[in-house]
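# Architecture at a glance
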Amino acid sequence: PENTNQLIEVGLRSQRSGEWPDMGPEERLIREFVEELEPRTFPSTQDLAAHARRLDSILHPESRPQNEPDRVLKRWAALEYRMFRAVEERACGDMVSAGFDTVEDFVAVANTVLNRRKSRAGNSLEHHLAAIFDDCQVEYTAQPRTEGNRRPDFVFPSEGRYHDAGWPESNLVFLAAKTTCKDRWRQILNEADRIAHKHLFTLQQGISGAQLDEMSAAGVTLVVPEENKRTFPPDHREWILSLEEFIELVRELTSR
């Protein structure tokens, strides 16, 4: 949201000047987290995601992922993004402010920043989903090996069951996780041959009806946070699952 971004930007400008305004609990926790880091260092994607969940548990002590997985996942993702931006500003802000000697220097730094952002976004979503599944006591394997040494994001109930010829294909579930779909959703179609119907979790909102039709025709069901459903065309919402609905489906299909 615009207001939140403005608060963070104010905080970052004050951080560079050595002064911090009176902030709310979330901004203070982010500030404390950033100040504990070594200068010009980035936590690993897994560590940053875990820290975001830890801070969220402080801000929302009564909230449990198993009770409201859709809302909790969105909070985790949003909080981690704000944390990442604060870390990024601390690590790179002075260098950007100082300017660059050549265009090549600028391009090199810009590429590093953009690649780090892309890598973090995709990996952190997987970490948060895994934490949700753990709290909901859903059995899964993350990054399992399938045919051709492919590694889908999640297989339910496990990699072992996937390779067990005696386990029915109808009792296997596939889930890919992508912050945005665009045309990359087609990459998931051949990641697990035993599971013809695929599920894809995304935070992207407002995907067009035409693209949703393509996904459905290819055997892909979209999974999104419950409140994001309203951003999709009304005539497509019925077959889009919330995260909570997907978890219930997994429990139903994988229990024998």
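Here, every reference points to the structure presented above.
Description of the structure in this document. (Residues numbered from 1 in each chain as written. Predicted model: local features only at pLDDT ≥ 70, side-chain atom pairs only at ≥ 80, totals over all residues. Heavy atoms only, no water.)

## Topic: the overall build of the chain
Heads up, the condition is: Going along the chain from the N terminus, every DSSP run of H or I of four or more residues is numbered as a helix, and every run of E of two or more is numbered as a strand. Only protein chains enter the calculation, and the probe is 1.4 Å; a residue is then buried if its accessible area is under 20% of its type maximum, exposed if over 50%, and partly exposed in between. Two residues form a contact once any of their heavy atoms are found within 4.5 Å.
What the chain contains, in helices and strands, is 8 helices and 6 strands. From first element to last, N terminus to C terminus, the chain shows the α and β order α-α-α-α-α-β-β-α-β-β-α-β-β-α. Burial analysis of the chain (256 residues in total) assigns 45% to the buried set. Long-range pairs, those at least 24 residues apart, make up 57% of the contacts in the chain between residues at least 6 apart in sequence.

## So, the sheet that holds strand β4 (residues 198-202)
Strand-to-strand pairing in sheets goes through backbone hydrogen bonds, with the strands running parallel or antiparallel. In plain terms, the rule: Strand pairing follows a simple DSSP-based rule, namely that at least 2 bridges must link the two strands.
Strand order in this open sheet of 6 strands is β1-β2-β3-β4-β5-β6, and the pairing throughout is mixed. If you trace the sheet from one side to the other, it starts and ends with β1 (141-142) and β6 (241-242), each paired once. Pairing of β4 with strand β5 (residues 220-224) involves 4 bridges; the strand directions are parallel. Paired with lysine 198 across the two strands is valine 220, which belongs to β5.

## As for the nonpolar core
Worth spelling out the cut-off: Buried residues of nine kinds, namely Ala, Val, Leu, Ile, Met, Phe, Trp, Tyr and Cys, make up a nonpolar core once their side-chain atoms join them within 4.5 Å.
Ranked by size, the top nonpolar core spans 24 residues in total, and within it Leu129, Ile132, Phe133, Phe156, Leu175, Leu243 and Phe246 carry the most contacts. Where this core is concerned, the elements lending two or more residues are α4 (69-98), α5 (103-135), β2 (154-156), β3 (173-178) and α8 (243-254). Top element by residues in this core is α5. It accounts for 6 residues. Setting aside chain neighbours within four positions, we find phenylalanine 156 in contact with Phe133, Val138, Glu139, Tyr140, Asn171, Leu172, Val173, Leu175, Phe246, Val250 and Thr254.

## Regarding the environment of arginine 64
Inspection of the secondary structure puts arginine 64 in the loop between α3 (45-59) and α4. For arginine 64, a relative accessible area of 39% gives the class partly exposed.

## Remarks on a nonpolar patch on the surface
Note the following rule: Patch membership requires more than 30% relative accessible area and the absence of a salt bridge. Residues of like charge join within 9 Å; the nonpolar side chains Val, Leu, Ile, Met, Phe, Trp and Tyr join within 5 Å. Here the Shrake-Rupley method, with its probe set to 1.4 Å, supplies the accessible areas, and only the displayed protein chains count as covering residues. In what follows, salt bridge is the name for a side-chain nitrogen of Lys or Arg lying within 4 Å of a carboxyl oxygen of Asp or Glu.
On the surface, Val103, Phe106 and Val107 cluster together into a nonpolar patch covering about 270 Å² of accessible area. Tracing the sequence through the fold places valine 107 in helix α5. The exposure class of valine 107 is partly exposed, given its relative accessible area of 32%.

## Some remarks on unusual backbone geometry
Here the bond from phenylalanine 156 into proline 157 is cis, since omega is 0°, no more than 30 degrees from zero. Topologically, proline 157 is positioned in the loop between β2 and α6 (159-162). Phi angles above zero are rare outside glycine, and glutamine 137 is one such case at about 55°. Secondary-structure assignment places glutamine 137 in the loop between α5 and β1. Despite not being glycine, lysine 182 has its phi angle at roughly 50°, a positive value.

## As for the side chain of aspartate 153
Note the threshold: Note on charges: Lys and Arg go in the positive column, Asp and Glu in the negative column, and His and the chain ends are not counted at all. Pairing of N or O atoms within 3.5 Å defines a polar contact, subject to two protein rules: one partner must be a possible hydrogen donor and the other a possible acceptor, and residues neighboring in sequence count only if both atoms are side-chain atoms.
For aspartate 153, the location among the structural elements is in the loop between β1 and β2. The side chain of aspartate 153 is buried and forms no salt bridge, while lysine 178, the nearest opposite charge, is found at 5.7 Å. A polar atom in the side chain of aspartate 153 sits 2.7 Å from the backbone nitrogen of alanine 177. For aspartate 153, the contacting residues outside a window of four places in its chain are Glu126, Thr141, Ala142, Gln143, Pro144, Leu175, Ala176 and Ala177.

## Remarks on the environment of glutamate 227
As for its placement among the helices and strands, glutamate 227 is situated in the loop between β5 and β6. Classification of glutamate 227 as partly exposed rests on a relative accessible area of 44%. In this structure, the C-alpha to C-alpha distance between glutamate 227 and aspartate 70, residues 157 residues apart in sequence, is 8.0 Å.

## As for the packing of helix α2 (residues 25-35) against α3
Just so we agree on the cut-off: Note on geometry: axes are lines fitted to C-alpha atoms, helical ones only across the stretch in contact, with angles between N-to-C directions running from 0 to 180 degrees. Here is the rule for handedness: rotate from the far helix to the near one, and if that takes an anticlockwise turn smaller than a right angle the crossing is left-handed, while a clockwise turn gives right-handed. For this scheme, ten residues count as nonpolar: Ala, Val, Leu, Ile, Met, Phe, Trp, Tyr, Cys and Pro. Four count as charged, namely Asp, Glu, Lys and Arg, and the remainder, Gly too, count as polar.
Between α2 and α3, whose axes approach to 11 Å, the crossing angle comes to 145°. Crossing of α2 against α3: the hand is right-handed. Residues Pro25, Glu26, Leu29, Ile30 and Phe33 of α2 pack against Leu48, His51, Leu55, Ile58 and Leu59 of α3. In the contact of α2 with α3, the residues fall into 8 nonpolar, 1 polar and 1 charged.

## Structural notes on α8
Defined as follows: By this rule, a helix spans an expected 1.5 Å times one less than how many residues it contains. This arc corresponds to the set of directions leading from the helix axis out to the C-beta atoms.
The terminal C-alpha atoms of α8, which comprises 12 residues, lie 16 Å apart, in line with the 16 Å expected from a rise of 1.5 Å per residue. Among all positions in α8, only Leu243, Phe246, Ile247, Val250 and Thr254 are buried. Angular distribution of buried residues about the axis of α8 spans 100°; they occupy a single face of the element.

## Quick word on the environment of phenylalanine 156
Topologically, phenylalanine 156 is positioned in strand β2. Sequence separation between phenylalanine 156 and tyrosine 140 is 16 residues, and the spatial gap between their C-alpha atoms is 4.5 Å.

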